[in-house]
Amino acid sequence: DDKLLTEPLSHPDFFSVKELFTLKDLFDARVHLGHKKGCRHRFMEPYIFGCRLDQDIIDLDQTMQHLQLALNFTAHVAYRGGIILFVTRRRQFCHLVESTARACGEYAHTRYWQGGLLTNARIQFGPGVRLPDLLVFLSTLNNVFEPHVAIRDAAKMNIPTVGVVDTNCNPCLITYPVPGNDDSPAAVELYCKLFRMTIIRAKDKRRQSEAIEELR
Amino acid sequence: TLRLICTTTPVQRKNVGASGPEKYTEAFIKKQIEEFNLGKRHLANMMGEDPETFTQEDIDRAIAYLFPSGLFDKQARPVMKHPTEIFPEQRKIQWGEDGRPFNFLFYTGKQSYYSLMHETYEKLLSVQKHQDQLIAQDLPLQKEKRNLAGSRWLTKIELEEMLLEKVSDDDYSRFIKLLQKLVALPCADIEENYIQKFSKEVPVQLQKVVIEPLQHDERGVAFSTGEGKRKTARATAVVYDNGTGKITVNGVDILHYFPVLQDREQLLFPFQFLGRIGKHDMVCTVSGGGRSAQAGAIRLASAKALRSFVTEKEVEFMRQAGLLTVDPRVKERKKPGQEGPRRKFTWKKR
């Protein structure tokens, strides 16, 4: 059992996450498009490649690295049987994200976030709840263009976060930020596809390793 | 000799905070069901009947016989029913042994409501896709309209019972709007089964008032009777056809019985409304009430009698004019601490 858990940690890319996407895929899905110069957040300046006709362009090389790290981390969490919670507050993509979560066998929350969900979970759900082990944000802002409450709550409860940060978002409290577009349907569909493939791959690998261990 | 006195100290319950309604475990409910079945057999033996064929109605009768109660509230009387009817249905623990919840929307808080919304939205999307396919093939879209008059949506309480969790007013209205949007699409017939889970039949409300047919007396003249009341006055009227417009009350002509013009106008109003002033004769009897009340009672009685002489459209006109409705106004009672029904005692400053 210990061997099952320590073996993936020795490889840098145990789940071969780099094969899932290329720079061209990101470009075709319009991930590099940001908001206008006036909406730019100060802490996103390192991730921005440049500005054309007032619209910010995100640096796709940095996005590639961050996305690989994020997908690798989610794969490891899924391999160890962790609970992954997809969070977004965009009404257009709420149905898509919920179906992705259902397809992976993980959980989603695309509705109004009640104040004490993570911090007051014992009382809201019951005495023996298990909190999510990873929070994946497809959009870090809520409907009023403010940072989502779940980022702060996850930081309080020591839960790691993976988030797609756009040029008007604050990447501070997110453990694995992924600078990219969160508004276009093509980009969000690409992210959903990538997350779904990584999680399914990680779970399959876990089942295979367990089967091999049992055979011995 | 020493006598051993055993005393048990009562267990002190420390101040435990409110933990919500009691949660019944599955083992507890199972035990209750076993006890109920045992008790049913004992009861059957007591009543001298066969334990195998002892139905719920027999149980109710036996309990009413053995524990007679004079309490007015039926729900306060002793009851012996199956535990599933007594203990309300509750949600069991939502997660498995490894801690992972069963429903994929568990972390939202309102899992059943949101999963219902998700499902309904999925049906909406599938209907739209089907519509697009039909348009692409240039086929006509079905336009059979659902009969909305005979059905209503589930109420908030019924939805709460279905989902086993609290639903707020906003959530309920959103759900109903989504359902209405789904029903409004032309190809919604595909999801008819799904929609029927949330709609209920409404039984026919209006009691059809039966209009009695005309009767004929010995001379062959058609007549009909009607009854009316107003305040404490009760009246019966018999309206004859082929008449001269003569009206008799309690054997006396109306000029003598009702000296005041206002009362006679009230009597003539139904005939004036239908334009049949000189065509009918009327004989009425009236008792109780005062002058004005008796006039109103006879007016109602004559209007009811005239329904048989007249077409359905004119009956509807009469109903809308207020000739056929019973006037509900009665004398209001005097209250203690006041001089009359509304008048208070004179307020004196000192």
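Here the structure is a predicted model, which means the values were calculated and not measured. (Residues numbered from 1 in each chain as written. Chains lettered and ligands numbered in written order. Predicted model: local features only at pLDDT ≥ 70, side-chain atom pairs only at ≥ 80, totals over all residues. Heavy atoms only, no water.)

**What about the interface of chain A and chain B?**
Point 1. Listed by partner, the interface residues are 25 residues for chain A and 19 residues for chain B.
Point 2. Buried surface at the junction of chain A and chain B, both sides included, amounts to about 2000 Å², of which 59% is carbon and sulfur.
Point 3. Among the residues chain A hides against chain B, the three largest losses belong to H95, Y107 and R111 of chain A. Together they make up 32% of the total.
Point 4. At the junction of chain A with chain B, the criterion picks out one salt bridge. (Contact = heavy atoms within 4.5 Å. Buried area = accessible area lost by both parts, 1.4 Å probe. Salt bridge = Lys/Arg side-chain N within 4 Å of Asp/Glu carboxyl O.)

**Quick word on the nonpolar core**
Point 1. Counting 40 residues, the largest nonpolar core has F21, L26, V31, I84, F86 and V136 of chain A as the members making the most contacts within it.
Point 2. When contributions to this core are tallied by element, the ones reaching two or more residues are α3 (60–79), β4 (84–87), α4 (94–104), β6 (134–137), β7 (161–165) and α7 (185–215) of chain A.
Point 3. The next biggest cluster of nonpolar side chains, apart from the first, holds 28 residues, and it includes V239, F271, L306 and M318 of chain B. (Core = buried A, V, L, I, M, F, W, Y, C linked by side-chain atoms within 4.5 Å. Buried < 20%, exposed > 50% of the residue type's maximum accessible area, 1.4 Å probe, protein only. Helix = DSSP H or I, 4+ residues; strand = E, 2+ residues; numbered from the N terminus.)

**Side note on helix α6 (residues 169–184) of chain B**
Residue and element names in this part refer to chain B.
Point 1. In this model α6 runs 23 Å from its N-terminal to its C-terminal C-alpha over 16 residues, within 8% of the 22 Å that 1.5 Å per residue would give.
Point 2. Those residues of α6 not exposed but buried are D171, Y172, F175, I176, L178, L179, L182 and V183. The buried residues of α6 occupy an angular sector of 160° when projected down its axis, which confines them to one face. Those residues of α6 that are exposed and aimed more than 90 degrees away from the buried face are D169, D170, R174, K177, K181 and A184.
Point 3. Its buried side turned inward, α6 meets α4 (111–136), β1 (151–153), α5 (156–163) and α7 (192–196). (Expected span 1.5 Å × (residues − 1). Arc of directions from axis to C-beta.)

**Digging into the domain arrangement of chain B**
Point 1. With domains assigned, chain B is organised as domain 1 (26–86), domain 2 (106–201) and domain 3 (215–321).
Point 2. Each of domain 2 of chain B and domain 3 of chain B has a C-alpha centre, and these two points are 55 Å apart. (Domains from an automatic or database assignment.)

**Points about the side chain of H280 of chain B**
Point 1. Position of H280 of chain B relative to the elements: it lies in the loop between α9 (261–274) and β8 (281–287).
Point 2. Within the structure, the side chain of H280 of chain B is placed 3.4 Å from the backbone oxygen of Y240 of chain B, a separation counted as a polar contact. (Polar contact = N/O pair within 3.5 Å; in protein donor to acceptor, adjacent residues only side chain to side chain.)

**A short note on the sheet that holds strand β2 (residues 48–52) of chain A**
All names here are of chain A.
Point 1. The three strands lie next to each other as β1-β3-β2, forming an open sheet whose pairing is antiparallel. The sheet terminates laterally at β1 (33–36) and β2, the two strands that pair on one side only. The mean angle between the axes of side-by-side strands here comes to 30°, regardless of whether they run parallel or antiparallel. (Pairing = 2+ DSSP bridges. Axes fitted to C-alpha atoms, helices over the stretch in contact; angles between N-to-C directions.)

**Overview of the layout of surface pockets**
Point 1. Of the pockets and cavities examined, the second largest pocket occupies roughly 740 Å³.
Point 2. In terms of lining, the second largest pocket is formed by 22 residues, of which the most central are R91, C94 and R111 of chain A together with M117 and R174 of chain B.
Point 3. Secondary-structure elements contributing two or more residues to the lining of the second largest pocket are α4 of chain A together with α4 and α6 of chain B.
Point 4. Residue classes in the lining of the second largest pocket are distributed as seven nonpolar, five polar and ten charged. (1 Å grid on protein atoms, 1.4 Å probe; cavity = no way out; pocket = protein on both sides within 12 Å on 5 of 7 lines; lining within 4 Å. Points joined across faces, edges and corners; volume = space filled by probe spheres on them. Nonpolar A, V, L, I, M, F, W, Y, C, P; charged D, E, K, R; others polar.)

**A look at unusual backbone geometry**
Point 1. For S16 of chain A, which is not a glycine, the phi torsion comes out positive at approximately 40°.
Point 2. Tracing the chain through its elements places S16 of chain A in the loop between α1 (2–10) and α2 (23–28).
Point 3. In the Ramachandran plot, N242 of chain B falls in the positive-phi region, its phi being about 50° despite a non-glycine side chain.
Point 4. Relative to the assigned elements, N242 of chain B resides in the loop between β5 (233–240) and β6 (247–249).

**Section: the pairing of strand β3 (residues 55–58) of chain A**
All names here are of chain A.
Point 1. In β3, alternate side chains face the same way, and those of D56 and I58 are buried while those of Q55 and I57 on the opposite face are not.
Point 2. In terms of strand pairing, β2 meets β3 through four bridges, oriented antiparallel. Of the residues in β3, the one forming a bridge with I48 is I58.
Point 3. Taking the residues that link successive antiparallel strands as the turn, the β2-β3 hairpin has two residues, and the phi of L53 there is positive, at about 50°.

**Re the sheet that holds β7 of chain A**
All names here are of chain A.
Point 1. Strand order in the open sheet formed by five strands is β5-β4-β6-β7-β8, with parallel pairing between adjacent strands. A single partner strand is all that each edge strand has here, and the edge strands are β5 (107–109) and β8 (176–179). Neighbour-to-neighbour, the strand axes of the sheet open up by a mean angle of 20°, direction not taken into account.
Point 2. Relative to β7, β6 is paired through three bridges, and the arrangement is parallel. Considered in β7, the bridge of V136 is made with V162.
Point 3. Running over the sheet, α3 touches β4, β6, β7 and β8 and is turned about 140° from β8.

**Some words on helix α10 (residues 291–306) of chain B**
Point 1. For α10 of chain B, built from 16 residues, the straight-helix expectation of 22 Å at 1.5 Å per residue is met to within 8% by its first-to-last C-alpha distance of 23 Å.
Point 2. Of all 16 residues in α10 of chain B, 13 are buried, a share of seventy percent or more.

**Comments concerning the confidence of the model for chain B**
Point 1. Summary statistics for chain B give a mean pLDDT of 86 and a share of 92% for residues scoring 70 or more.
Point 2. Prediction confidence for the complex, expressed as pTM and ipTM, is 0.72 and 0.92 respectively. (pLDDT = per-residue confidence, 0-100.)

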